Amino acid sequence: MKIAVASDHRGFSTKAKILTLLNQLGHVAYDYGPEDGECVDYPDYAVKVAKAIGDKSIDRGILICGTGMGMCIVANKFPGVRATPCHDDITAQMSRLHNDSNVLCLSADLLGDRLVNRMVEIWLKEEFEGGRHARRLEKLHKVEEETMHPHEEA
Ligand SMILES: O=C(CO)[C@H](O)[C@H](O)COP(=O)(O)O
């Protein structure tokens with residue numbers, strides 16, 4: 001898979017470790033910044049990854065900030081993005097099975113390296129279950145359409 005990884009300053013070293021893992025797993029990993037650990041603003045990096053999901057230049061994205069929350073809030077403003085804040089094996093797994101997550105948002109401050117690696121592997125391996133969850137994602141797409149074009153008749 002083509003996977004872009006970005007962070008803010010708090011997630012900078014975790015980003016490097018995730019990029020190494022993705023390469024080891026045989027994925028095509030892109031570093032969407034930042035280039036160093038200087039203080040930056042997470043929206044600038046979440047936008048880059050979210051836009052690349054939208055135009056399909058990447059398959060998946062991984063975003064890391066202090067808590068994972070700011071990145072997630074920004075990424076979910078973009079059509080086609082299903083960003084999920086995950087903090088353990090179960091949330092990593094369920095975000096794929098039920099939500100078809102395409103952007104994994106992680107906390108650099110709260111999660112250890114081994115857990116992060118395991119969560120990334122789970123999140124990459126698990127497949128969307130479809131079925132009733134596909135019906136719910138259809139409704140999500142409708143909400144997206146309505147909020148993007150609020151005055152147009154269906
Ligand atoms: O977690 C984050 C957003 O959800 C950021 O990493 C955090 O807010 C950055 O804070 P600071 O500028 O104090 O390092």
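Residues numbered from 1 in each chain as written. Predicted model: local features only at pLDDT ≥ 70, side-chain atom pairs only at ≥ 80, totals over all residues. Heavy atoms only, no water.

An unreviewed UniProt entry lists the chain under the name Ribose 5-phosphate isomerase B, with Gimesia benthica as the source organism. Of the chain, the UniProt comment under Sequence similarities (unreviewed entry) reads exactly: "Belongs to the LacAB/RpiB family." (UniProt positions renumbered as here; feature names shortened; annotations may be inferred.)

Caption draft 1: Here's a closer look at the packing of helix α1 (residues 12-24) against helix α5 (residues 113-125). Closest axis-to-axis distance for the α1/α5 pair is 11 Å, and the angle between their directions is 45 degrees. Overall, the two elements α1 and α5 adopt an arrangement that is oblique. Pair α1 / α5 crosses with right-handed handedness. Packed against α1, whose contacting residues are T14, K17, I18, L21 and L22, the element α5 presents D113, V116, N117, V120, E121 and L124 at the interface. (Axes fitted to C-alpha atoms, helices over the stretch in contact; angles between N-to-C directions. Helix = DSSP H or I, 4+ residues; strand = E, 2+ residues; numbered from the N terminus. Parallel < 35°, antiparallel > 145°, perpendicular 65-115°, else oblique. Left-handed = near helix turned anticlockwise from the far one by under 90°. Contact = heavy atoms within 4.5 Å.)

Caption draft 2: Region of the structure containing the site of the ligand. Taken together, D8, H9, R10, Y42, C65, G66, T67, M69 and G70 form the complete shell of residues around the ligand. Taking R10, its side chain carries an N or O atom lying 2.7 Å from an oxygen atom of the ligand. Protein chains bury 63% of the 380 Å² of accessible surface belonging to the ligand in isolation. Its residues assigned to classes, the shell around the ligand comprises 3 nonpolar, 4 polar and 2 charged. (Near = heavy atom within 4 Å. Polar contact = N/O pair within 3.5 Å; in protein donor to acceptor, adjacent residues only side chain to side chain. Areas by Shrake-Rupley, 256 points an atom, 1.4 Å probe, with all protein chains shown as cover. Nonpolar A, V, L, I, M, F, W, Y, C, P; charged D, E, K, R; others polar.)

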